[in-house]
Amino acid sequence: VSLPGFERGRRYRAVDGHPTFFNFYETQSVADLESPAYKDRLNNPTPWTLATVKQFTDTSRTLCDVVISRGTGQGTFVETVAMETSLADDAFVQGLGDALHRLASSSGIVGLHLLRGRIGQDQAVTEEKKLRGVPDQEVAWLLLIEAIDLDPLTLARKETLTDKLLDESGATHCKRGIYQLQYALSKDELQR
């Protein structure tokens with residue numbers, strides 16, 4: 001989060017889903033994830049990184065653009081829905097549109113973010129990637145649904161954003177998980 005362009009980082013632990021942890025960073029631009037400062041950090045891992053990253057398995061790392069973002073604040077729970085589609089981007093987003101609108105205004109849902117993965121863009125081999133030993137998986141589309149509690153997410157799975165609705169919207173290879181926030185740090189908090 002101390003790097004130029006980085007705004008906030010979050011770490012979650014699985015309540016229902018795989019892998020065990022879900023981490024993500026918010027940046028001002030995708031270009032911040034290709035900056036010399038960021039690449040330098042990845043190529044000069046700290047002792048803590050050296051000790052922990054080589055134990056990571058089944059990792060996924062994708063640079064993403066924000067397509068839709070609704071809500072204010074952050075939730076203590078997040079559902080992640082990784083998806084693919086054979087539809088054109090506009091058609092896929094339009095197909096999800098009504099359900100996402102209803103979901104964003106649902107009680108207990110505080111944020112909804114649809115992200116488009118930049119598949120194949122983060123291919124630079126860094127020292128940190130070498131520690132993991134296998135290439136990172138990537139996601140084509142990622143939907144993040146933030147909630148104040150677990151119940152709104154459970155209800156959304158049953159009523160608003162069902163597996164059937166995702167299928168009818170053109171989503172394929174869906175992988176869902178619900179995660180509880182462990183820690184969040186913003187640039188503003190770091191600089192206090």
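Residues numbered from 1 in each chain as written. Predicted model: local features only at pLDDT ≥ 70, side-chain atom pairs only at ≥ 80, totals over all residues. Heavy atoms only, no water.

Colleague: I tried to follow unusual backbone geometry on my own but got confused; where do I start?
Modeller: For residues that are not glycine, phi is negative in most cases, and the peptide bond is trans in most cases. For the peptide bond that leads from His 18 to Pro 19, omega is 5°, which places it in the cis range. Along the polypeptide, Pro 19 turns up in the loop between β1 (6-16) and β2 (21-27). Backbone geometry places His 173, a non-glycine residue, at a positive phi of 50°. For His 173, a relative accessible area of 62% translates into the label exposed. (Helix = DSSP H or I, 4+ residues; strand = E, 2+ residues; numbered from the N terminus. Buried < 20%, exposed > 50% of the residue type's maximum accessible area, 1.4 Å probe, protein only.)

Colleague: Would you mind going over helix α5 (residues 150-159) with me for this structure?
Modeller: Residue pairs spaced three or four apart in an α-helix point in one direction, given the helix's 3.6 residues per turn. What α5 keeps buried is the set Pro 152, Leu 153 and Ala 156. On an axial view of α5, the arc spanned by its buried residues comes to 100°, and they lie on one face. Seen from the open side of α5, the exposed residues pointing more than 90 degrees away from its buried face are Asp 151, Lys 158 and Glu 159. Looking at the packing, one finds that the buried side of α5 touches β4 (77-85), α3 (89-104), β5 (109-117), β6 (141-147) and β7 (171-186). (Arc of directions from axis to C-beta. Contact = heavy atoms within 4.5 Å.)

Colleague: Is there a simple way to think about the side chain of Lys 187 in this case?
Modeller: Mapped onto the secondary structure, Lys 187 falls in helix α7 (residues 187-190). Of the side chains bearing the opposite charge, Glu 7 lies closest to the buried Lys 187, which forms no salt bridge; the N-O distance is 6.2 Å. Among the polar contacts listed, one links the side chain of Lys 187 to the backbone oxygen of Val 1, at a separation of 2.7 Å. A polar atom in the side chain of Lys 187 sits 3.2 Å from the backbone oxygen of Phe 6. Other than its neighbours up to four places away in sequence, Lys 187 contacts Val 1, Ser 2, Leu 3, Pro 4, Phe 6 and Glu 7. (Lys, Arg positive; Asp, Glu negative; His and termini not counted. Salt bridge = Lys/Arg side-chain N within 4 Å of Asp/Glu carboxyl O. Polar contact = N/O pair within 3.5 Å; in protein donor to acceptor, adjacent residues only side chain to side chain.)

Colleague: How should I be thinking about the environment of Leu 103 in this particular structure?
Modeller: The residue Leu 103 is located in helix α3 in this model. Using a relative accessible area of 0% as the deciding quantity, one classes Leu 103 as buried. The sequence separation of Leu 103 and Pro 152 amounts to 49 residues, and the corresponding C-alpha distance is 9.5 Å. With residues near it in sequence (within four places) discarded, Leu 103 still touches Ile 109, Leu 112, Ile 145, Ala 156, Thr 160 and Leu 161.

Colleague: It is not clear to me how the pattern of salt bridges should be interpreted in this structure. Could you clarify?
Modeller: Oppositely charged side chains are able to pair whenever their charged atoms sit close together. A full pass over the atoms with the stated rule returns 10 salt bridges. A salt bridge links Glu 146 to Arg 10, with the shortest nitrogen-to-oxygen separation between them at 2.7 Å. In this pair, Glu 146 is assigned in strand β6 and Arg 10 in strand β1, connecting sequence segments 136 residues apart. Here Asp 163 ties to Arg 176 by a salt bridge, and the two come within 2.7 Å at their closest N and O atoms. Remark: Arg 176 occurs in strand β7 and Asp 163 occurs in helix α6 (residues 163-168); sequence separation between them is 13 residues. Since its relative accessible area comes to 54%, Asp 163 is described here as exposed. Salt bridges sharing partners connect three or more residues here, namely Asp 16, Glu 79, Arg 157, Asp 163 and Arg 176.

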